Structure formats: structure tokens, C-alpha cells
Amino acid sequence: MPPAEKLNSAEKVKSQSVTAINIFILLIMRNRMKSINVLLIFKKEIMYKPIIYRIAKDFEIIFNVLEAKILPKLEGRIILELRGTDDQLETTISYFREEGVEVQILADMIKRDENRCVHCGACTAVCRVDALVINRSTMEVEFHPDKCVACGLCRQACPVNAMSGTAIDREI
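Given the structure is predicted, the values throughout are model-derived calculations rather than measurements.

What counts, and where the lines are drawn
Residues numbered from 1 in each chain as written. Predicted model: local features only at pLDDT ≥ 70, side-chain atom pairs only at ≥ 80, totals over all residues. Heavy atoms only, no water. Helix = DSSP H or I, 4+ residues; strand = E, 2+ residues; numbered from the N terminus. Buried < 20%, exposed > 50% of the residue type's maximum accessible area, 1.4 Å probe, protein only. Contact = heavy atoms within 4.5 Å. Areas by Shrake-Rupley, 256 points an atom, 1.4 Å probe, with all protein chains shown as cover. Axes fitted to C-alpha atoms, helices over the stretch in contact; angles between N-to-C directions. Parallel < 35°, antiparallel > 145°, perpendicular 65-115°, else oblique. Left-handed = near helix turned anticlockwise from the far one by under 90°. Nonpolar A, V, L, I, M, F, W, Y, C, P; charged D, E, K, R; others polar.

## Thoughts on the overall build of the protein chain
Next up, step 1: Helix and strand content of the protein chain: 5 helices and 8 strands.
Next up, step 2: The helix and strand sequence of the protein chain, counted from the amino end, reads α-β-α-β-β-α-β-β-α-β-β-α-β.
Next up, step 3: Among the 172 residues that make up the protein chain, the fraction classed as buried is 33%.
Next up, step 4: Pairs at least 24 apart in sequence give 62% of the contacts found in the protein chain among residues at least 6 apart.
Next up, step 5: Counting only carbon and sulfur atoms, one obtains 55% of the accessible surface of the protein chain, whose full area is about 10,900 Å².

Shown next as C-alpha cells:
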């Protein structure tokens, strides 16, 4: 094998090793990462500041905008899925509060009364984020509050009022 081909082979092996190490590090980080849904309320005094931009740039948080309502010159409400380590999430939420943003963790806003629920599945038809799903092996409705965006549609759909709490726009 000519020396140039040997060098190219060595570079390929090195490149593949670096890629494998990066993938391994990403897998470790992904296992340590956690996801939470939050409602952020921006009062008119701060709603035009680049606050969300900084969470990706300065705190390395991965975020997804799930819903947003902007009332110009009044307030902005944004539901974000935040993904990061516990430390990153804690730092980010502290940063939001320091900037004057009201933060509500959505997993805490909607509750299900297990004694009332008859597992009819009506709520699963309106849940757009799969926080309420039917377990096909047990045929029971499972509630995953960590996925919930507190839209309140489950409360309206439930015939036995098993769902309660505060939706993002109103008490339910």
C-alpha cells in the first residue's frame, strides 16, 4: 500500500474513533438529560428581551416551543419543553426568574383523581401531546404529567371529572 493510502486509512480510523467517542458522549449525556414542560409568562416590560435566546447559547439547554400566545404590549405566554441535566435546568429556571419571567412547571398543574377515573379513554382523544394514553395490555388510561402542557382539554372531555387543576389560560 502506498504511503499516501496508509495515511488516508489512518486518518479514516482516527476520524471514525473521534466520531464513535462523540456518539458515546452524546449517549451518556442523553441518559443524564431530563425533560420538563414549563409555562413562561413575560410581562410587557420584559417581553421583547432576548431571554429565550440566552438559554440555548449560555446554558446549553435544548428547547422546543410547544405553544405561544403573544398579546402585544400586554404579555407573552410560552410553553417550552426544556431538555438538559438537572443542573442546567435549575440554572435556567433561576435565570428566568431573575429576569422577571413567571415560571410554572406544567407537570404540577393538572392532576387526575385515580378513584374517579373509569378509564373510558375520552381524554386520550383530545390529548395532543400523549400525556394521556391507553395502555393496550391493561386497557387502562395512563397519565404522564411530565408530558402535559396544561391545555385543559382533558378536563372538558372527562365525563366523570377525574381531571382537575389549572390550565394555562384558566382554572379548570
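## Focus: the packing of helix 2 (residues 51-59) against helix 3 (residues 86-98)
Next up, step 1: Two numbers describe how helix 2 lies on helix 3: the axes approach to 11 Å, and their chain directions differ by 150°. With respect to each other, helix 2 and helix 3 are oriented roughly antiparallel. In this structure, helix 2 crosses over helix 3, and the sense of that crossing is right-handed. When helix 2 is examined against helix 3, the residues I51, R54, I55 and F59 are found in contact with a partner set consisting of Q88, T91, T92, Y95 and F96.
Next up, step 2: Partitioning the contact of helix 2 with helix 3 into residue classes produces 5 nonpolar, 3 polar and 1 charged.

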